[in-house]
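Structural description and commentary
Chain by chain, the residues:
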Amino acid sequence: MWIYIVITIIILITIYILVLYNNLIKLNNKTKEAFSTMDVYLKKRWDLIPNIVKTVKGYAKHEKDTLKEIVELRNSAYDTMSDEEKIKTNEQLSSDISKIIALVEAYPDLKASENFKNLSSQLTKVEDDIANSRKYYNGTVRIYNNKVEMFPNNIFAKLFGYKPKAMFEINENERKNIKVKL
C-alpha cells in the first residue's frame, strides 16, 4: 500500500516539475520577445539621435557639453551590448534627450526649423512606441519574475538556471522636472 502512495507522490512531483519547466521556458521566451520588440524601437531612437544632435549643433554651438555627452553615448556599439547594457544606456539616453528638449526651448529658431520639426515628430512617435513596448516588457518580466521567485518554484528555477530579469525603469534624473534656462 505504501509503495503506491510513494509512487503516486513521485509521479505528481515529476508532473509538477515538467509543467513548471515548460512554463519557465514559455515565460522566458515571452520576455525575450518583449525585449526584442522594445529593442527595435530603442534602435530606431538610437539611429535618430545623430540627426537630432547635428540639427541642434547648428543652433546651439555653445551647448557643447550636453551634445558631446550624447554623441559619446551614441558612439557605443549598440549591437554588441547585452540586454542589461542596452537598458542602462537607453536610460541615460532618455535623460540626455530631455536635456536636448530643454535646449530647444531656449532656441525659437531651432523649434521653427522644418528639419527639427520632422525629427522631433519622429522622436515623439518612437518615444511613444518605446513607452508602450516598455510597459509590455515590464509586464512580461513581472510575470516571469513571479514564477521564478515564488516558493516552491524558486527552488526548481534555481536548479534549472533561471534568474529574475531586470525591469526597464526610469532613473532619478528622469523623475525630476526639466529646468529650462532662458
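Read on for an overview of the structure.

Points about the side chain of N153
- Summarising the element assignment, N153 is placed in helix α6 (residues 153-160).
- Overall, N153 belongs to the buried group, its relative accessible area being 11%.
- Within the structure, N153 has its side chain in polar contact with the side chain of Y16 (distance 2.3 Å).
- Among residues more than four places away in sequence, those in contact with N153 are Y16, L20, K147 and V148.

What about a nonpolar patch on the surface?
- A cluster of nonpolar side chains, contributed by I3, Y4, I7, I11, L12, I15 and V19, occupies part of the molecular surface with about 700 Å² of accessible area.
- Note on placement: I7 falls in helix α1 (residues 2-59).
- Classification of I7 as partly exposed rests on a relative accessible area of 41%.

Remarks on the packing of aromatic side chains
- In this structure the tally under the stated criterion is four aromatic pairs.
- Aromatic side chains F35 and Y137 sit 5.5 Å apart centroid to centroid with 65 degrees between the ring planes, which places their arrangement in the edge-to-face category. Here Y137 lies in helix α5 (residues 114-149) and F35 lies in helix α1, a separation of 102 residues in the sequence. For the pair F35 and Y137, one class covers both residues: buried.
- Note on Y144 and Y162: the rings are 6.5 Å apart at their centroids and 65 degrees apart in plane angle, and the pair reads as edge-to-face. Here Y144, found in helix α5, pairs with Y162, found in the loop between α6 and α7 (172-175); they are 18 residues apart in sequence, far enough to count as distant.
- What makes Y162 buried here is its relative accessible area of 13%.

Quick look at the environment of V53
- If you trace the backbone, V53 turns up in helix α1.
- On the basis of relative accessible area, V53 is assigned to the buried category, the value being 3%.
- Spatially, the C-alpha atoms of V53 and I97 are 9.7 Å apart, while their sequence positions differ by 44 residues.

The rules behind the values
- In every chain, residue numbers begin from 1 and rise along the written sequence.
- Residues qualify for local features only when their pLDDT is at least 70, as the model is predicted, and side-chain atom pairs are given and counted only at 80 or more; totals for whole chains, interfaces and linings, by contrast, use all residues.
- Note: side-chain values were computed over all heavy atoms of the structure, leaving out hydrogens and water.
- Each helix corresponds to a stretch of at least 4 residues labelled H or I by DSSP, and each strand to a stretch of at least 2 residues labelled E; elements are numbered beginning at the N terminus.
- Residue exposure (1.4 Å probe, protein chains only): buried if accessible area is under 20% of the type maximum, exposed if over 50%, otherwise partly exposed.
- N or O atoms within 3.5 Å of each other form a polar contact, as long as, within protein, one can give a hydrogen and the other can take it, and as long as residues adjacent in sequence are counted only when both atoms are side-chain atoms.
- Note on contacts: a residue pair qualifies if any of its non-hydrogen atoms lie within 4.5 Å across the two residues.
- Patch building starts from residues that exceed 30% relative accessible area and form no salt bridge, then joins like charges within 9 Å and nonpolar side chains (Val, Leu, Ile, Met, Phe, Trp, Tyr) within 5 Å.
- Only the protein chains shown count as cover for residues, and all accessible areas are computed by the Shrake-Rupley method using a 1.4 Å probe.
- Should a side-chain nitrogen of Lys or Arg be within 4 Å of a carboxyl oxygen of Asp or Glu, the pair is scored as a salt bridge.
- What counts as a ring pair is set by centres within 6.5 Å for rings of Phe, Tyr and Trp (its six-membered ring), and what kind of pair is set by the plane angle: stacked under 30 degrees, edge-to-face over 60, tilted for all other angles.

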